[in-house]
Amino acid sequence: MALKGSYSTLLLSLVLLGAWLALATGRLPNPAKDQFLRRHWDNPKTQATNNTAYCRLLTRCRGIYRRNNTFIHAPTDAINSVCTNGGRPISGNRRRSIRLFRLTICKFNPNARNYTGKSLFRRIVIICRNRFPVRLVRPIRFRPWL
Ligand SMILES: *[C@@H]1O[C@H](CO)[C@@H](O)[C@H](O)[C@H]1NC(C)=O
Ligand SMILES: *[C@@H]1O[C@H](CO)[C@@H](O)[C@H](O)[C@H]1NC(C)=O
Ligand SMILES: *[C@@H]1O[C@H](CO)[C@@H](O)[C@H](O)[C@H]1NC(C)=O
């Protein structure tokens, strides 16, 4: 049955996510850091037939279905380094990445109840705490003079 199938896919995704997080974050739990990865990190990008299907699957298995979200397809080291030598401070505690990241931007349309997903290659603006990302502010276009 299709429903059963997608349910076990979901369970498998959750198990795999747990394993990835354990690998990515080491032994010491850090709630803010774990939450950032859980919400935004998917590397390598999980396969799906198209970005609409991708957004539906990923937001479901991360527990953020029906919300807009951006997924980052890059190693955790590269993302974390935006808080140190891979980023530049902008206003307040915001930092923008020096490098560009492969992203999937998922926008939920509440009327049609579907997702529109876009693949982009952009710099990101994040908020860091204790040298780790805690919030993704937005992707920004590449501007060579920055
Ligand atoms: C995306 O793929 C699904 C099947 O997984 C299909 O039903 C849907 O029409 C596709 N959407 C687009 C926008 O191509
Ligand atoms: C999600 O993005 C769409 C399109 O940009 C926007 O209209 C909508 O308000 C956003 N939803 C939320 C919950 O922020
Ligand atoms: C979402 O639904 C709207 C309205 O039914 C439709 O126009 C749009 O193409 C759909 N988007 C996707 C990505 O399937």
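First, a word on scope: everything that follows refers to the structure included in this document. Treat the numbers as computed from the prediction; the structure is a model and nothing was measured. (Residues numbered from 1 in each chain as written. Chains lettered and ligands numbered in written order. Predicted model: local features only at pLDDT ≥ 70, side-chain atom pairs only at ≥ 80, totals over all residues. Heavy atoms only, no water.)

This part takes up the state of the cysteines. This model, assessed by the stated rule, comprises two disulfides. Covalent S-S linkage joins Cys 83 and Cys 128, the inter-sulfur distance amounting to 2.1 Å. Note on the Cys 83 and Cys 128 pair: the S-S dihedral is about -85°, so by sign convention the disulfide is left-handed. On the criterion of sequence distance, the pair formed by Cys 83 in the loop between helix H4 (76–80) and strand S2 (87–89) and Cys 128 in strand S5 (residues 114–129) is long-range, its members being 45 residues apart. For the residue pair Cys 83 and Cys 128, the accessibility class agrees, reading buried in each case. By sequence order of its bonded cysteines, the protein has the disulfide arrangement 1-3, 2-4. (Disulfide = S-S within 2.5 Å. Helix = DSSP H or I, 4+ residues; strand = E, 2+ residues; numbered from the N terminus. Buried < 20%, exposed > 50% of the residue type's maximum accessible area, 1.4 Å probe, protein only.)

What follows is about empty space enclosed by the protein. As enumerated under the stated definition, the model contains one cavity of 30 Å³ or more in all. In this model, the largest cavity occupies a volume close to 40 Å³. Forming the walls of the largest cavity are Thr 52, Arg 56, Tyr 65, Phe 108, Arg 113, Asn 114 and Tyr 115. Every element with two or more residues in the lining of the largest cavity is listed here: helix H3 (51–61) and S5. Each residue belonging to the lining of the largest cavity can be placed in one class, and the counts come to three nonpolar, two polar and two charged. (1 Å grid on protein atoms, 1.4 Å probe; cavity = no way out; pocket = protein on both sides within 12 Å on 5 of 7 lines; lining within 4 Å. Points joined across faces, edges and corners; volume = space filled by probe spheres on them. Nonpolar A, V, L, I, M, F, W, Y, C, P; charged D, E, K, R; others polar.)

The topology assignment puts Thr 70 in strand S1 (residues 69–72). Under the relative-accessibility criterion, Thr 70 is labelled buried at 10%. Excluding residues that lie within four positions of it along the chain, Thr 70 makes contacts with Arg 39, His 40, Leu 103, Thr 104, Ile 105 and Leu 136. (Contact = heavy atoms within 4.5 Å.)

A contiguous patch of positive charge on the surface is contributed by Arg 56, Arg 60, Arg 66 and Arg 113. The topology assignment puts Arg 66 in the loop between H3 and S1. Residue classification places Arg 66 among the partly exposed positions, given a relative accessible area of 48%. (Patch = residues over 30% accessible without salt bridge, like charges linked within 9 Å, V, L, I, M, F, W, Y side chains within 5 Å. Areas by Shrake-Rupley, 256 points an atom, 1.4 Å probe, with all protein chains shown as cover. Salt bridge = Lys/Arg side-chain N within 4 Å of Asp/Glu carboxyl O. Lys, Arg positive; Asp, Glu negative; His and termini not counted. Charge placed at Lys NZ, Arg CZ, Asp CG, Glu CD.)

For the rest of this paragraph, the subject is the site of ligand 3. As a structural note, the neighbourhood of ligand 3 is formed by Thr 52, Ala 112, Asn 114 and Tyr 115. Between ligand 3 and Asn 114, the relevant distance is 2.4 Å, taken from an oxygen atom to a side-chain nitrogen or oxygen of the residue. A total of 370 Å² of accessible area belongs to ligand 3 in isolation, and the protein chains cover 36% of it. Residue classes in the shell around ligand 3 are distributed as two nonpolar, two polar and no charged. (Near = heavy atom within 4 Å. Polar contact = N/O pair within 3.5 Å; in protein donor to acceptor, adjacent residues only side chain to side chain.)

To continue, consider the packing of aromatic side chains. Applying the stated rule across the entire model yields four aromatic pairs. With centroids separated by 6.1 Å and ring planes inclined at 55°, the aromatic side chains of Tyr 65 and Tyr 115 adopt a geometry described as tilted. Taken together, the residues Tyr 65 in the loop between H3 and S1 and Tyr 115 in strand S5 connect sequence positions 50 residues apart. By relative accessible area, Tyr 115 is classed as buried at 3%. Consider the rings of Phe 108 and Tyr 115, whose centres lie 5.0 Å apart with planes at 65°: the pair is edge-to-face. Comparing Phe 108 with Tyr 115 shows no difference in burial state: the two are buried. Among the aromatic residues, ring-to-ring pairing joins Tyr 65, Phe 108 and Tyr 115 into one connected group. Its end group placed over the ring of Tyr 65, Arg 60 keeps NZ or CZ at 4.3 Å from the ring centre. The cationic tip of Arg 102 hangs over the ring face of Phe 121; the distance from NZ or CZ to the ring centre is 4.6 Å. (Phe/Tyr/Trp six-rings, centres within 6.5 Å; stacked < 30°, edge-to-face > 60°. Lys NZ or Arg CZ within 6 Å of the ring centre and 35° of its normal.)

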